[in-house]
Amino acid sequence: MTSSRRVTVLAILCMAVSLIIALVTAARISGPSIRPDEWGYLLNGQVLIGHEEVRLPFSSMYPAGFGFITGAWAWVGGSLHISYRLTLFTNIALMAVLGYLVFAFTVNTLKASRIAGYLVAALVIASPGTLAGSLFALPETLCKVIFMLLVVLIGSLVSRPHVTQIILFGALAGLAPVFSGRLVAISISGAVLLLAFAWTGLVTRVIASLGMCSLVVGYAITRIMNSVVRDVLYFGRPSGEGRIFNRATTVHLWPEVIREIAGQVWYVSAATACLGVVALVVMFRFIIRKARTEKTSPEQSLERFVYMFVLLTFLLLIVLGALQLALGKRADHYIYGRYVETCIPVFLAVAVVSLERSKFLTLRLWRYSIMFFAFLTMMYVLLEQADVVWR
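Numbers given for residues are sequential positions, taken from 1 along each chain in its written order. It should be noted that, the model being predicted, local features are given only for residues of pLDDT at least 70 and side-chain atom pairs only at 80 or more, the latter also being counted only at that level, while totals for whole chains, interfaces and linings use all residues. Side-chain metrics rest on all non-hydrogen atoms present in the structure, leaving aside hydrogens and water.

A. Structural detail: unusual backbone geometry. Within the chain, K111 stands out as a residue other than glycine whose phi angle is a positive 60 degrees. Accessibility here uses a 1.4 Å probe with only protein chains present; expressed as a share of the type maximum, an area under 20% marks a residue as buried, one over 50% as exposed, and anything in between as partly exposed. For K111, a relative accessible area of 53% puts it in the exposed group. Although it is not a glycine, A273 sits at a positive phi angle of roughly 55 degrees. Examined against the element boundaries, A273 turns out to sit in the loop between α12 (254-271) and α13 (275-291). For A273, a relative accessible area of 48% translates into the label partly exposed. For helices the rule is a DSSP run of H or I covering at least 4 residues; for strands it is a run of E covering at least 2, with both sets numbered from the N terminus onward.

Here is the structure:
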């Protein structure tokens, strides 16, 4: 057996074992955790199928989108318990979909080998953020699937732009926040990308306007659906946009916001064995180099648009996440990675493909990334002196 075939077989075996472990675990879990997150999404589903007697005084509001899954299974199974169990199985199915999308992105968009595609898919499925995150009744895996679907769709748009794809891209980007409030970063990045398409002449202004209109309509549907569950389940509790804006304009909170941003970068480094920082450098370097080049090939233009979308989304996610986590009292808020987990599949794909294209440069970046991770860890230990549970 050749080395390439061995890598392929091991990657497929790793994915299969990960999915089997997830299935067995999901079948044996007795019920949702005591944290309100899972209950919020499960009860959103109850509201969407007409059960308004489930109102509870939650301190936070959970977006309505994932409630379509939990509610559909509650309607089919007739109980909250069956809804919870089938939701976990749905998350595991989404793991397989995520693996396929990452493979397609690696092979079709980045033009890497199929071996690299299988390797990246295995890394994503077996990563703790995907494997463990799918064993909660939470939309984390679905958010990754939506982000990867948009990234793959961008590749198709740049290669063969079509009005239907533009409208689909806009609608999906506008609907993204209905699954998680922080995914408004995707809506903003999608709007910027549509403007970039029109600016560079990739599509006409009319087609770009149609995409923008579909994005606005999608976001309007998001607001409407969230208002339904807010009024029924959350006592009309306002959303967090106003709180985030107030924190962004409060100057004395900026040092803490910067620290939270650093903590999320730390999480990306830890969750990807420092390959996430390698991917960020590779994408930023690629965009800068191609911006200085007068002529770019279609493949280079494709990667440039994809990298622009990913970097802008990641930047918005860490900033919005830092503003949300500022003044938090939990120790894990210093290195909270739930929001930036959405981008990690793309980071792993870019880093592995870069390793295949330019081994020497990538290995050097990897060494620097490990040194940066060690430095960031040391600074956190020195500044915080220990794990801080309350302040």
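Having seen the structure, we can now continue with the description.
B. Here's a closer look at a nonpolar patch on the surface. Residues with no salt bridge and a relative accessible area higher than 30% make up the patches, which join like charges within 9 Å and nonpolar side chains (Val, Leu, Ile, Met, Phe, Trp, Tyr) within 5 Å. Calculation of accessible area relied on Shrake-Rupley with a 1.4 Å probe; when residues are assessed, cover is drawn exclusively from the protein chains displayed. The working definition used for a salt bridge is a side-chain nitrogen of Lys or Arg within 4 Å of a carboxyl oxygen of Asp or Glu. A surface patch of nonpolar side chains, about 250 Å² in accessible area, is lined by V7, I115, L119 and L123. If you tally residues by element for the nonpolar patch, the top one is helix α5 (residues 114-126), at 3 residues.

C. Structural detail: the packing of aromatic side chains. Between 30 and 60 degrees the pair is tilted, below 30 it is stacked and above 60 it is edge-to-face, where a pair is any two Phe, Tyr or Trp rings, Trp via its six-membered ring, whose centres lie within 6.5 Å. Counting across every chain of the model gives 9 aromatic pairs. Ring centres 4.8 Å apart and planes at 40 degrees place the aromatic pair F103 and Y118 in the tilted group. Note that F103 is positioned in helix α4 (residues 80-109) and Y118 in helix α5, a separation of 15 residues in sequence. Counting every residue linked through ring pairs, the aromatic cluster contains Y41, Y62 and F66. R182 extends its terminal NZ or CZ atom over the ring of Y339, reaching a point 5.7 Å from the ring centre. Whether a charge lies above a ring is judged from NZ of Lys or CZ of Arg, which has to be within 6 Å of the ring centre and within 35 degrees of the ring normal.

D. Up close: helix α8 (residues 163-175). With 13 residues, α8 should reach 18 Å at 1.5 Å per residue; the first-to-last C-alpha distance of 18 Å fits that figure. For α8, the complete set of buried residues consists of Q165, I166, F169, G170, L172, A173 and G174. What a helix should span is 1.5 Å times the count of its residues minus one.

E. Structural view of the side chain of S187. Counting through the fold element by element, S187 comes out in helix α9 (residues 184-200). Any two residues having at least one pair of non-hydrogen atoms within 4.5 Å are treated as being in contact. Residues within four places of S187 in sequence aside, it is in contact with A173, G174, P177, L215 and Y219.

F. Local environment of the side chain of K144. The topology assignment puts K144 in helix α7 (residues 140-159). Among residues more than four places away in sequence, those in contact with K144 are L98, G129, T130, E341, T342 and P345.

G. Seen up close, the pattern of salt bridges. By the definition in use, this model includes 3 salt bridges. Notably, a salt bridge pairs R338 with E140, separated by 3.0 Å at the nearest N-O pair. Of this pair, R338 sits in the loop between α14 (298-325) and α15 (344-357) while E140 is found in helix α7, placing the two residues 198 residues apart along the sequence. Between R357 and E303 there is a salt bridge, with the nearest N and O atoms lying 2.8 Å from each other. Of this pair, R357 sits in helix α15 while E303 is found in helix α14, placing the two residues 54 residues apart along the sequence.

H. The arrangement of the environment of V17 in detail. Inspection of the secondary structure puts V17 in helix α1 (residues 3-28). Its relative accessible area of 40% is what places V17 among the partly exposed residues. As a C-alpha pair, V17 and A126 span 109 residues in sequence and 8.8 Å in three-dimensional space.

I. Representation of the environment of A185 within the structure. Along the chain, A185 turns up in helix α9. Taking the C-alpha atoms as reference points, A185 and L315, separated by 130 residues in sequence, lie 8.5 Å from one another. For A185, the residues in contact, after removing those within four places along its chain, are T313, L316, L317 and L320.

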